[in-house]
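Commentary on secondary and tertiary structure
Single-letter residue listing:
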Amino acid sequence: MFLELIAVIVAGLAGAGVMMLIARTLGDRVPRWLTPVAAGVAMLGTTITSEYSWYSRTAEALPEGVEVVQTVDSTAFYRPWTYLVPYTNRFLALDTGNLRANNEDASLYMADVYFFRRWGTVQAVELMVNCSTGQRADPAFGDGGEPVWRDAGADDPIVNRVCERE
């Protein structure tokens, strides 16, 4: 986040510098108010580029065996350009290289799922998946009790990806 702030400030200085160079080259025939406008446009452009490239940069940096299974696109009224092209601000990744089958029931798997979000920390969650029923559950709530199974539905990306191995 700090490096992106530095990049936005540098882009603003560069935009203002380019406009000042153009004004000097044209013999000061360019209105002076274009300099801060150029700085603002450069800063806004850098911010938009950073927002839209976050997902691809983060997904490409995932280690081998960790695959993106679901993305969440976002729009916001204070980012009107997102209504034209929504950007990805959250995604789920599944560690397919670390799936663990149950020794007693071959249709039960333990899976590590990572929740990534823009401007947030990565959260790791361990899930249990029942491929025969299409359900998933948190393994326990720390109290050693039985897991609470939930119907995930036929289109659940985590259950589909875990169970396609069978």
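In what follows, the structure referred to is the one given above.
Read on for an overview of the structure. Worth saying up front: this structure is predicted, and the values here are computed from it rather than measured.

Quick look at the side chain of Thr-88
Tracing the backbone shows Thr-88 in strand S2 (residues 87–95). Polar side-chain contacts of Thr-88 include one of 2.8 Å to the side chain of Asp-73. Filtering out sequence-adjacent residues up to four positions away, Thr-88 remains in contact with Trp-54, Tyr-55, Thr-71, Val-72 and Asp-73.

Quick word on the layout of surface pockets
Taken as a whole, the largest pocket holds about 240 Å³ of empty space. If you go around the largest pocket, the residues you meet are Met-20, Leu-21, Ala-23, Arg-24, Asp-28, Val-30, Pro-31, Arg-32 and Thr-35. Among the elements that make up the lining of the largest pocket, the one with the highest residue count is helix H1 (residues 2–25) (four residues). Considering only residue class, the lining of the largest pocket consists of five nonpolar, one polar and three charged.

So, the state of the cysteines
Per the counting criterion, the structure on display carries one disulfide. Covalently, Cys-131 is tied to Cys-163 through a disulfide, its sulfur atoms 2.0 Å apart. Of note, the bridge from Cys-131 to Cys-163 carries an S-S torsion of about -95° and is left-handed in sense. Of the two residues, Cys-131 sits in the loop between strand S5 (123–130) and strand S6 (135–137) while Cys-163 sits in helix H3 (residues 157–163), which places them 32 residues apart along the sequence. Accessibility assignment for this pair places Cys-131 and Cys-163 in one class, buried.

Regarding helix H2 (residues 34–60)
Its 27 residues give H2 an end-to-end C-alpha distance of 38 Å, which sits within 8% of 39 Å, the value for a rise of 1.5 Å per residue. The principal kink in H2, of about 45°, is found at Ser-53. Buried within H2 we find Thr-35, Ala-38, Ala-39, Ser-50, Glu-51, Trp-54 and Thr-58. For H2, the secondary structure elements touched by its buried residues are H1, S2 and strand S4 (108–117).

Quick look at the packing of H1 against H2
Where H1 contacts H2, the axes come no closer than 7 Å and their chain directions differ by 145°. The element H1 and its partner H2 pack so that their crossing is right-handed. Facing H1, whose interface residues are Glu-4, Ala-7, Val-8, Ala-11, Gly-12, Gly-15, Ala-16, Met-19 and Met-20, H2 presents Leu-34, Thr-35, Ala-38, Ala-39, Ala-42, Met-43, Thr-46, Thr-47, Ser-50 and Arg-57.

Structural notes on the pattern of salt bridges
For the coordinates displayed, the defined rule picks out nine salt bridges. Measuring nitrogen to oxygen at the nearest pair gives 3.4 Å for the salt bridge that ties Arg-100 to Asp-112. One end of the pair, Arg-100, is in strand S3 (residues 100–101); the other, Asp-112, is in strand S4, with 12 residues separating them in the sequence. Owing to a relative accessible area of 27%, Arg-100 belongs among the partly exposed residues under this scheme. The salt bridge involving Arg-161 is made with Glu-164; its shortest N-O contact spans 2.4 Å. Using a relative accessible area of 19% as the deciding quantity, one classes Arg-161 as buried. Residues joined by salt bridges that share partners form a network here, namely Glu-4, Glu-51, Arg-57, Arg-79 and Arg-118.

Conventions and cut-offs
- Residues numbered from 1 in each chain as written.
- Predicted model: local features only at pLDDT ≥ 70, side-chain atom pairs only at ≥ 80, totals over all residues.
- Heavy atoms only, no water.
- Helix = DSSP H or I, 4+ residues; strand = E, 2+ residues; numbered from the N terminus.
- Polar contact = N/O pair within 3.5 Å; in protein donor to acceptor, adjacent residues only side chain to side chain.
- Contact = heavy atoms within 4.5 Å.
- 1 Å grid on protein atoms, 1.4 Å probe; cavity = no way out; pocket = protein on both sides within 12 Å on 5 of 7 lines; lining within 4 Å.
- Points joined across faces, edges and corners; volume = space filled by probe spheres on them.
- Nonpolar A, V, L, I, M, F, W, Y, C, P; charged D, E, K, R; others polar.
- Disulfide = S-S within 2.5 Å.
- Buried < 20%, exposed > 50% of the residue type's maximum accessible area, 1.4 Å probe, protein only.
- Expected span 1.5 Å × (residues − 1).
- Bend = angle between axes of the 7 residues up to and from the residue.
- Axes fitted to C-alpha atoms, helices over the stretch in contact; angles between N-to-C directions.
- Left-handed = near helix turned anticlockwise from the far one by under 90°.
- Salt bridge = Lys/Arg side-chain N within 4 Å of Asp/Glu carboxyl O.

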